[in-house]
Structure formats: C-alpha cells, structure tokens
Amino acid sequence: MDLHFGDSKPTDEERAAVDALLGPPESSWEGADRTDADLRWARGGRAARDRRDLLLPGLHAVNDRIGWISEGALGYLCRRLTVPPAEAYGVATFYAMFSVEPRPATVLHVCTDLACTAAGAAGLCAGVEKGAGPGVHVERSPCLGLCERAPAALAIRAGDPVRTAVAAPATVTAALLAATAPDSAPEEDPPALAVPQAGQEGLTLLRRVGVVDPASLDDYRANGGYTALRHAFALGPAGVIREVTDSGLVGRGGAAFPTGRKWQATASRPEQPHHLVCNADESEPGTFKDRVLMEGDPYSLVEAMTIAAYAIGAHRGHLYLRGEYPRALARMEHAVAQARARGFLGADVLGQGFAFDIEIRRGAGAYICGEETALFNSIEGYRGEPRSKPPFPVEQGLFGRPTVENNVETLVNVLPILTMGAPAYAAIGTERSTGPKLFCVSGSVDRPGVYELPFGATLGELLQLAGVRENLRAVLLGGAAGGFVRPDELGIPLTFEGTREAGTTLGSGVVMAFDDSVPLPELLLRIARFFRDESCGQCVPCRVGTVRQEEALHRIVARTGADAAGDVALLREVGRAMRDASICGLGQTAWNAVESAIDRLGAYR
Amino acid sequence: MTVTPLGIPRRLLEFTIDGEVARVPEGSTILDACRAAGKDVPTLCEGDTLRPKNACRVCVVEVEGARTLVPACSRKAEPGMVVRSGGERVRHSRRIVLELLASSVDLSTTPRVAGWLKEYEAKPDRFGPAAARLDEEPRVDNDLYVRDYGKCILCYKCVDACGDQWQNSFAISVAGRGFGARIAVEHDAPLTDSACVYCGNCVEVCPTGALSPKREFDMRAAGTWDESRQTETTTVCAYCGVGCTLTLHVQDNEIVGVTSPHDNPVTHGNLCIKGRFGYQHVQNRG
Ligand SMILES: Cc1cc2nc3c(=O)[nH]c(=O)nc-3n(C[C@H](O)[C@H](O)[C@H](O)COP(=O)(O)O)c2cc1C
Ligand code: SF4
Ligand code: SF4
Ligand code: SF4
Ligand code: FES
Ligand code: FES
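Calculation criteria
Residues numbered from 1 in each chain as written. Chains lettered and ligands numbered in written order. Predicted model: local features only at pLDDT ≥ 70, side-chain atom pairs only at ≥ 80, totals over all residues. Heavy atoms only, no water. Helix = DSSP H or I, 4+ residues; strand = E, 2+ residues; numbered from the N terminus. Rg over C-alpha atoms; globule rule 2.2 N^0.38 Å. Buried < 20%, exposed > 50% of the residue type's maximum accessible area, 1.4 Å probe, protein only. Contact = heavy atoms within 4.5 Å. Areas by Shrake-Rupley, 256 points an atom, 1.4 Å probe, with all protein chains shown as cover. Lys, Arg positive; Asp, Glu negative; His and termini not counted. Charge placed at Lys NZ, Arg CZ, Asp CG, Glu CD. Buried area = accessible area lost by both parts, 1.4 Å probe. Salt bridge = Lys/Arg side-chain N within 4 Å of Asp/Glu carboxyl O. Nonpolar A, V, L, I, M, F, W, Y, C, P; charged D, E, K, R; others polar. Near = heavy atom within 4 Å. Polar contact = N/O pair within 3.5 Å; in protein donor to acceptor, adjacent residues only side chain to side chain. Pairing = 2+ DSSP bridges. Axes fitted to C-alpha atoms, helices over the stretch in contact; angles between N-to-C directions. Core = buried A, V, L, I, M, F, W, Y, C linked by side-chain atoms within 4.5 Å. Disulfide = S-S within 2.5 Å. Domains from an automatic or database assignment. Parallel < 35°, antiparallel > 145°, perpendicular 65-115°, else oblique.

Where do I start with the overall build of chain A in this structure?
Along the backbone of chain A there are 25 helices and 13 strands. Taking 2.2 N^0.38 as the reference for a compact globule, 605 residues should give roughly 25 Å; the C-alpha atoms of chain A span a radius of gyration of 24 Å, in line with that estimate. Counting only C-alpha atoms and orienting by the principal axes, one finds that chain A spans roughly 80 × 60 × 50 Å. Per-residue burial over chain A gives 61% buried out of 605 residues. Considering only contacts within chain A whose residues lie at least 6 apart along the sequence, 71% involve residues at least 24 apart. When the accessible area of chain A is evaluated, it comes to approximately 21300 Å², of which 50% is carbon and sulfur surface. Of the side-chain charges in chain A, 60 are positive and 74 negative, and the distance between the mean point of each set is 2 Å.

Written out as structure tokens, the structure is:
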C-alpha cells in the first residue's frame, strides 16, 4: 500500500485529540517531525494497519474534541493508522453523528420520531430552531431511545472532555438550556423512573434496577451479583451451553434465534480466537430496554458477557454501544473498569484461570450498525454495511473469526438461567417462548416505560398495566420494522408464536400506543423517512426503494380511496421487491409497518 | 514458456434449475450454472475479474426453502438445491430493481440494459416526474478519464478494482449513506488531488459508462463514437518488461482506446497508465 496524504495539517488540538487515544507518533511516517532516522527506514505499515479498528474511536476522538472532522484531522488519523484517506472519508461520512463540514461545537439532537411526534415534537423543534443561537446546531433526529420521556432532546458539546445533557420530557427552554449550559442543566431522571414496576416482587431481569447503586460492584454482589458466574465455572463451558440450550432462550434482538445453538456452533469451531460481541446499538424506534438495563444494572451485563465468553471460549468481548447513549456509556465504562480492578475481568477472572476482558465501542449514529454483520464492519473500521451471508457470524464474524453476537437483554437472561436452573427458567412463559420478556411501552399511556412480564401475557394486559388512554387508534408492535395492530386485537398473546400467528411480530419488544391526535399518514411518512435515512445504500431495492416509498406516501398523505389507489398499488409492488430482494433485514422490513397500516388499519381507504 | 495452471480437479455437484438437472464443479455459483445451462440472468454488479459484491440484486433467483430471493452471482450452488431462475416472483423483483435504477440514474450507456427493461416490461416513468434522481454533472478534472456519477449505479466495482482486489491504490471509496451515497476520493476532491495513478482499471470494470476514457467521452459528446466501425488489434505493450497484452480499439484508422483481455493470466484486464492511456505516439505520423 502506497498511501497518498494531502497537504492539510491538523491543528494542535486535533493532533492532541488523536494522540490522547493513540499515544504520540513514533516517527515522521506517522506524522511526527522528521528525524534523520526516518530517512533510513520506514515504520508504520503492517503493525499500524492492524489497528484499523481504532479508526472509529479516532473519529470519535476528533469529533468529541472539535465538533467536526477537518481534512487535516482526518489526514493525521489516516497517517497514524495507515488507512487510505478515501476509505476514512467513506467511513466518516457514513455516520450521522460525524460532520466533515465545520459546525458549531454544540449539537442539539431533537427527536422527531413516533413517540415524540405524538408528544408534540413538531412544536418543540420549531421553537428550538427559532431560539437556538449561532453556537448551537439543531439536528432532527430519529428515536433517541428516551421514548418513555417523550419528547426528547440530547445536547452534545464538543470539548475536553465532551459534555452531554438530556432534556426529556423537553420544553423549548429545557432543551435550549441543555444545549447552552450542559453542565448546569438539571440531572436527567434516574433509570428506575423508566421502570414503573421497579422494586416490585417477582421481577427477574429488572429486579436490581432502582434497587442497587449502579456504580457499586459491592452493592451488585450484595444483591446476588456474580453467583451466576460461579455456577458457570462449576458447570464448565459445555455445561453452560447445555443449560442455555435447555432453557429455550432465544435472542431478544429481533431475530429470535436460539441462543444455545448459536453458542454451540461458535464453541465448536476450530478457528481461533473466538469473539463475543454484545449488541447494544439499540436504535429500533421505540426501543429503550437495553439502555435501562445498562444504566440501572450495568454489572449484570459485565457478568453475563463473562459467562458467554467462558462458554464459547472467547477471551475478548466487544460491547458495541449506541452513540446517543451517553449515560449508559459512562455507567458501562465505570462498571468494566471496576470489574477489571477487582479481578472480575482480566487475565485470571476470579482466580479460575480464565482470561477475559471487554472493550467498549461507541456507535456513531447509524441504525444499520445494529445488524449483526454491519456491526462487525463498524468495529473493524469499515463502513457499517451488512455483509452477505453465508458465511454466518458463527463461522466468520468479527475479524473473520467465529463470533457470537447477542443482544443485551438476551445476555442478561443467562444470569437467571444459571441461578435458577434451566428447567425452572423454561417453566416461565409458554412452551415455545420461555422466560421473562421486557417490553418498551410508550405513546398514549399514563405510565410509559420498560415492563417485565412472562411471555404469554396479552397485549391488552400489558397496556392495562401501563394505563392505556382513551381513544386508542392503533398499536405498533416491534418498532418501525414491526407492524400495527388494531384496538380490537388486544387479545394477541405476547409470544413469538402468538404474534406470528396473528400475522405480526414481537420484534425487539416495542409496544407503542397511538390515539387519534396524530394522523396515521403522518406516522407512516415518518417511518418511511426513517428507512430512507438509515438505508446503508448498498443494495438497489432498499437504497432506491425506500426513496420511492417515501415519495409515494408523500403524494397520498391527504388522499384516500380511488385517489390513493394507484400509489397504494405502487407501494405494494416496491414493498414486495424490497422484502424479497434486499440484502439485509433493514430493506426486507422497510415496508412492514406501512403494509400493516394499509391492510389492518385501513389507512388511505 | 506459459504455464496454464490447471488446479486440483473439482468434484461435480448436482442440483436442479427450473426442473432440469445441473452438474457444476464444487464452488460454482448459481450464476455459473445458469450460464452453463444457457439461461440469461441479468447482471450489473457482477464482474468476471472481481469477487461478487452482490449489490445490485438484478440477478436474484428463487431457491426452495429460502425466505427471500438469493443473488445468483454470489450464492454458491449446493447439492440438491432447487433453483427457479424465472417465474413471477423472480421477474417481479428484477423488474422493480430495473425500474428503480432506470428512474434514478442515466442508463443510456449501460450495455444490454435496454433489452432487459423491455424483457421485464419495466416502466421507470411510473414513479412520476418528481422522482428523485442522481443528476450529477460529469466531472472532467484530468486529461485521461471522466467521472459521470449521474450514470453510477453504485456497483462498487471501481472501488474493488482500485483497492485490494487489483490496483491497491485505494484512491476511491463509497462516501455518504443511502440514496446520498456516491463514489468519491477523500473530501470529494478532484481526482488530481487524490491517490489516483490513472491506471484506468476502474474504468475497465465500470458497467455503466459512468467512468469513461476522456477520448471516448469527447467522441460521444461530438457524436463520432461508433463501436460498429471499430476494430480490435491485439499486441504487446512496448513500455516495460512485463509485456502486458493490449487490445487496441481502432476507429477510422485511429486508436480510440486500449484494453486488455480479462482472461489474460498476467493482466486480468488491468493495465497501468502507460499501457492504457499512452498510445498517442503510435499515431505520431510526423
Ligand atoms: C437493521 C437492523 C437493525 C438491528 N438492530 C439491532 C439492535 O439495535 N440491537 C440488537 O440487539 N439487534 C439488532 N438487530 C438484530 C441483530 O442483527 C442480531 O440478530 C442480534 O443482535 C442477535 O442477537 P440475539 O440473538 O441476542 O437477538 C438488528 C437487525 C437489523 C436487520
Ligand atoms: S437492505 Fe438496505 S441497509 Fe440492508 S444492505 Fe441493502 S441498502 Fe443496506
Ligand atoms: S485510475 Fe486506477 S488508481 Fe485511479 S481511481 Fe481508477 S483504479 Fe484507482
Ligand atoms: S462508477 Fe461505475 S464502477 Fe464505479 S460504482 Fe459507479 S457504476 Fe460501478
Ligand atoms: S425518543 Fe423520540 S421516539 Fe423514541
Ligand atoms: S449481479 Fe448479482 S447482485 Fe448484482
């Protein structure tokens, strides 16, 4: 590789931001001042290229410090990591949180997604845009994962260190205060307030949220923490996989794949090393359960990842955490550091001769990076585009090695499986959907938040618990990739098989209730815009199909009957091809919600 | 002496395409098998010298038991597979893909696509006059080749040819996301400010004419480009000791372009700036 770097130089601050991550450069080949020695031999090369996975953290370092990524900064980062500048530019421009154009140091993300739109995001946005001074850049954002406190805004102010503040539920004044004075803005609500059942008897996954101090490892241990890991060491890796398989646990990230089978497939691969990846990219509109778990009970995820790694023979775990989750990031970073300092992570976990450590990687604003193979590319420092399968992650995943990737909630379920035993766990829920399940309830309810119920409760029971309001018009299950159901379908059992039989989906556990305050065509347009914005652009059916879908929905936003029929037919044809011919789940599901609104709710009729 | 590598003989595997038995060597794709059976499967992003990227999805076929359609160009044939290369479901997706492409980019210089649009009864106009298009001006920023991204279908072939599959220059990449994604050098600068060495290997693999040699671009603009009047002459490049095979494309006794055969074991269709663009001296008749 003979790389070409432009003439732009980094500013001292940009250089300092990169050096703080990578250490000072060793030679002029990496961007230091030239010495005689540099003329006699070249350094960098393969050793530096092996650190390509530091590209995304490097882009964050610059963006966090300066607020945007200049030519000089990108060039310096490329020199340090031996990355071709064209590729780094391709990566930087892939993510919504980065800018390669100058912009103010403070970016205020205002959510305009479904729950927030229903809670008045339009007015909030207009007010904020009018009130924001030249020092604040307002960005209309997809769901920020704060739907229980809609409407939501997140301010990020670049600097050293970067500062963040959340305003939710946000008023114009509160959002502007968060942006202009992130340090003095009021502290956001504790995660326990997102769990209406907090502290109640009978909870399994949520039992520590609001009960333990999320910063304290001792508190975690005093509340049952690390008993599951001890069980795991007693069972041995094969024993752990057997328990997980017998428990009937299936993935909670949306695809409902049996977890034990995934672990077994990876564990038995001869190629080394094996990798564990925890998917905490949670960007499906309406989903916030993983955030609440990480903010309220961070050590449980550290323990669960340790168990998973032990079972599959991995010594390195990556936690890929959504870029718009500053508090979850802080708490997980703290928990990992504490666990490491106390011997719960590291070269010899609990003196059992098992080595394991966790690296946290931040996403940077791309829903598609939650797709399992796009996530690998993102960690590796490439554009977050899905790979074609086969090969599957269990064969060739992160860095081309056998990899288990699991959702946060999936992993946290492993703790009760080991402490109560597979049979007791499998007795919870129904025969084909075992265990407890988290639901993210938002929209037209009195008590929005994360609810834990055994699989098998009905949609109506859940909504009752959350205090559903009058005038229920529709319920969205599974998020933007899911589907709408009618208010007369509340008898649907909340299980994988029950929702499938009813022709809908559980997805990631989103339950969003809508009354008639926002016209349905407006909601569908927002969903279509989400997919258009979030398509990675790799394949034609999705890249162009999502655009044509949004255009058609625009045309019929105020039409019905014969006036809309032509475009509804067009939508069906494009939707069918997106579902059939797209590479990944994003394009394949981009028409689900619109289709269900037409067929089930009678939209545009 | 030229040694043609024969490789290890590969075992044959058997499966069915459209009800007929197909026997292909292990490792073949469904597309290989379809072509061997004489079936025309449209392809755009597939290239004979590149690893399949499977981005365009125009080659999709139906495989029994699969939830979605699969790309013939990259899915390996497996024993016992039951493949349908046509039928309503396959034709529907191909038609929509063609319509989506034709409604968003200029396909006027994409070989064969007019025939496929007709065969699949595609009507790109039905998305209406307001349908978003790429609409980019051709970029003429150097003397050797032109980038006209209004014709680009984002097949990734140029990026792959410039990167680790052939040229190792890594001068170009996909930038942006979704419908806003474009092929670009860093900071979307002119080519002259990039790592490009003007080998033209990206031009060679581009399936749409979005990349074209400046000479061809100018002749097309002047209305003088006429492939039916062109002849091909095979020779060896005189510049260096590698001795790449060259195909000179000649129109009216003038060299109008240089390529190299894709099945040539040395070049695989690739050349360097001298072989590809340095032909003016040949016609220097003094
Ligand atoms: C577009 C798209 C986005 C996704 N986003 C997420 C996500 O944010 N979190 C998640 O856990 N899974 C997400 N998934 C599902 C993952 O691909 C994968 O199936 C999951 O992480 C596997 O973990 P599990 O088996 O524990 O569910 C997404 C899938 C697609 C297609
Ligand atoms: S379906 Fe969409 S998101 Fe998925 S690979 Fe294709 S373009 Fe990218
Ligand atoms: S001409 Fe060669 S170096 Fe330049 S972009 Fe094309 S393939 Fe890359
Ligand atoms: S410029 Fe040509 S080769 Fe490159 S992506 Fe576009 S169509 Fe493909
Ligand atoms: S935070 Fe606004 S919709 Fe989720
Ligand atoms: S030719 Fe197969 S996906 Fe493009």
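Picking up after the structure, the text goes on.
Looking at this structure, I do not really get the overall build of chain B. What am I missing?
Secondary structure summary: chain B contains seven helices and 12 strands in total. Relative to its length of 286 residues, chain B is compact, with a C-alpha radius of gyration of 21 Å against a globular reference of 19 Å. Taken along the three principal axes of its C-alpha coordinates, chain B extends 65 × 60 × 40 Å. The buried share among the 286 residues of chain B stands at 54%. Pairs at least 24 residues apart make up 54% of the contacts formed inside chain B by residues separated by at least 6 positions. When the accessible area of chain B is evaluated, it comes to approximately 13600 Å², of which 51% is carbon and sulfur surface. Distance between charge centroids for chain B: 4 Å, based on 34 positive and 37 negative side chains.

What is the right way to look at the interface of chain A and chain B in this model?
Many structure descriptions define interface size as the accessible area lost when the parts assemble. Contact residues are listed per partner, giving 48 residues for chain A and 48 residues for chain B. When the two sides are added together, the surface that chain A and chain B hide from each other amounts to roughly 4000 Å², 54% of it contributed by carbon and sulfur. R576 of chain A is the partner of E88 of chain B in a salt bridge, and the nearest nitrogen-oxygen pair spans 2.8 Å. Within the residue set of the side of chain A that touches chain B, elements represented by two or more residues are α5 (71-81), α6 (85-92), α21 (520-534), α22 (540-555) and α23 (562-581) of chain A. Taken together, the residues that form the side of chain A that touches chain B break down as 22 nonpolar, 11 polar and 15 charged.

What should I look at first to understand the site of ligand 1 in this one?
Residue and element names in this part refer to chain A. As a structural note, the neighbourhood of ligand 1 is formed by 19 residues, with G253, K262, N406, N407 and T410 the closest of them. Within the side chain of N406, one N or O atom sits 2.8 Å away from an oxygen atom of ligand 1. One nitrogen or oxygen atom from the side chain of T410 is found 2.7 Å from an oxygen atom belonging to ligand 1. Relative to its free-state accessible area of 610 Å², ligand 1 is covered by the protein chains to the extent of 90%. Elements that contribute at least two residues to the shell around ligand 1 include exactly β8 (403-407) and α24 (585-589).

How should I be thinking about unusual backbone geometry in this particular structure?
For residues other than glycine, phi is negative in most cases, and the peptide bonds are mostly trans. In this chain, A168 of chain A is followed by P169 of chain A through a cis amide linkage whose omega measures -5°. Its place among the elements puts P169 of chain A in the loop between β4 (163-167) and α9 (172-180). With an omega dihedral of -10°, the bond running from Q272 of chain A to P273 of chain A counts as a cis peptide bond. Here P273 of chain A lies in the loop between α12 (259-267) and β5 (274-280). Phi at E121 of chain B is positive, roughly 55°, even though this residue is not glycine. With respect to the secondary-structure elements, E121 of chain B resides in the loop between α3 (113-119) and β6 (145-147). In this structure E121 of chain B comes out as exposed when scored by relative accessible area, which is 53%. One non-glycine residue, D252 of chain B, lies in positive phi territory at about 55°. Position of D252 of chain B among the secondary structure elements: in the loop between β11 (245-251) and β12 (254-259).

Would you mind showing me how to read the sheet that holds strand β3 (residues 153-157) of chain A here?
By way of backbone hydrogen bonds, the strands of a sheet pair with one another, either parallel or antiparallel. Residues and elements named next belong to chain A. Across the sheet, which stays open at both edges, the four strands sit in the order β2-β1-β3-β4 with mixed pairing between neighbours. Looking at strand neighbours, the two that pair on one side only are β2 (136-141) and β4, the edges of this open sheet. Taking the axes of each pair of neighbouring strands and ignoring which way they run, one obtains an average angle of 20° across the sheet. In the sheet, strand β1 (residues 106-111) pairs with β3 via five bridges, with the strands oriented antiparallel. For V107, the partnering residue across the bridge sits in β3 and is I156. Across the sheet, helix α8 (residues 121-131) lies against β1 and β2, angled at about 160° from β1, the strand it touches most.

I'm lost on the nonpolar core in this one. Help?
Nonpolar side chains in soluble globular proteins tend to be buried together. If you look at the biggest cluster of nonpolar residues, it comprises 212 residues, and the most contacted ones within it are Y95, W263, L301 and F484 of chain A. Among the elements that make up this core, the one with the highest residue count is helix α14 (residues 298-312) of chain A (11 residues). Not counting chain neighbours up to four residues away, the residues in contact with Y95 of chain A comprise L56, Y320, A364, G365, A366, C369, S378, Y382 and G384 of chain A together with R177 of chain B.

Could you clarify how one ought to interpret the sheet that holds strand β2 (residues 20-25) of chain B in this entry?
Residue and element names in this part refer to chain B. The mixed open sheet is built from five strands, whose spatial order is β2-β1-β5-β3-β4. Of all strands in the sheet, those with a lone pairing partner are β2 and β4 (70-71), marking the two edges. Contacts from helix α2 (residues 88-104) reach β3 (60-63) and β5 (82-84) within the one sheet, and its direction differs from that of β3 by about 155°.

Sorry, what's going on with the state of the cysteines here?
What makes a disulfide is a covalent bond joining the sulfur atoms belonging to two cysteines. Residue and element names in this part refer to chain B. What the rule picks out here adds up to zero disulfides over all chains. Here C34 is not cross-linked by a disulfide; its sulfur's nearest cysteine counterpart is in C59, at 9.3 Å. Judged by relative accessible area, which is 0%, C34 ranks as buried.

How should the domain arrangement of chain A be read in this particular structure?
All names here are of chain A. Along its sequence, chain A is organised into domain 1 (12-92), domain 2 (106-189), domain 3 (217-425), domain 4 (428-515) and domain 5 (520-599). Relative to domain 2, the C-alpha centre of domain 1 lies at a distance of 32 Å. For the pair domain 1 and domain 2, the two sides together bury roughly 330 Å², of which 54% comes from carbon and sulfur. Considering only the side of domain 1, the residues that lose the most area to domain 2 are D64, R65 and G67, jointly responsible for 95% of the buried surface there. Where domain 1 meets domain 2, there are one salt bridge.

What is the right way to look at the domain arrangement of chain B in this model?
Residues and elements named next belong to chain B. Its domain assignment divides chain B into domain 1 (1-133), domain 2 (136-217) and domain 3 (226-286). Relative to domain 3, the C-alpha centre of domain 2 lies at a distance of 21 Å. Opposite the 11 residues of domain 2 that make contact, domain 3 presents 15 residues. Buried area between domain 2 and domain 3, both sides added, is near 1100 Å², and the carbon and sulfur share of it is 52%. Area buried by domain 2 at its contact with domain 3 is led by W166, E204 and R215, which between them contribute 48% of it.

Is there a simple way to think about the pattern of salt bridges in this case?
Pairs can form between side chains of opposite charge once their charged atoms are near each other. Residue and element names in this part refer to chain A. A full pass over the atoms with the stated rule returns 66 salt bridges over all chains. Of the charged contacts in the structure, one is a salt bridge between E148 and R149, with a shortest N-O distance of 3.1 Å. Where E380 meets R387, a salt bridge forms, and the shortest distance between an N and an O atom there is 2.9 Å. Residue classification places E380 among the buried residues on the basis of a relative accessible area of 12%. A relative accessible area of 22% means that R387 is categorised as partly exposed.

Can you help me understand the side chain of S596 of chain A in this one?
All names here are of chain A. Topologically, S596 is positioned in helix α25 (residues 592-599). With a relative accessible area of 12%, S596 lands in the buried category. The residues contacting S596, other than those within four sequence positions of it, are G483, F484 and L601.

Where do I start with the side chain of D148 of chain B in this structure?
As for its placement among the helices and strands, D148 of chain B is situated in the loop between β6 and α4 (157-162). The contacts of D148 of chain B, once residues within four sequence positions are left out, are E136, E137, P138 and A210 of chain B.

Just checking my understanding: could you explain the packing of helix α11 (residues 227-247) of chain A against helix α17 (residues 408-420) of chain A for this structure?
Pairs of packed helices are described in terms of their axes, by the angle between the two and the distance that separates them. Residue and element names in this part refer to chain A. At a minimum axis distance of 9 Å, the contact between α11 and α17 shows a crossing angle of 100°. Between α11 and α17, the crossing angle belongs to the class labelled roughly perpendicular. Contacts between α11 and α17 pair T227, A228, H231, A232, L235, V240, E243, V244 and S247 from the former with V414, L415, I417, L418 and T419 from the latter. Tallied by class, the residues present in the contact of α11 with α17 amount to nine nonpolar, four polar and one charged.

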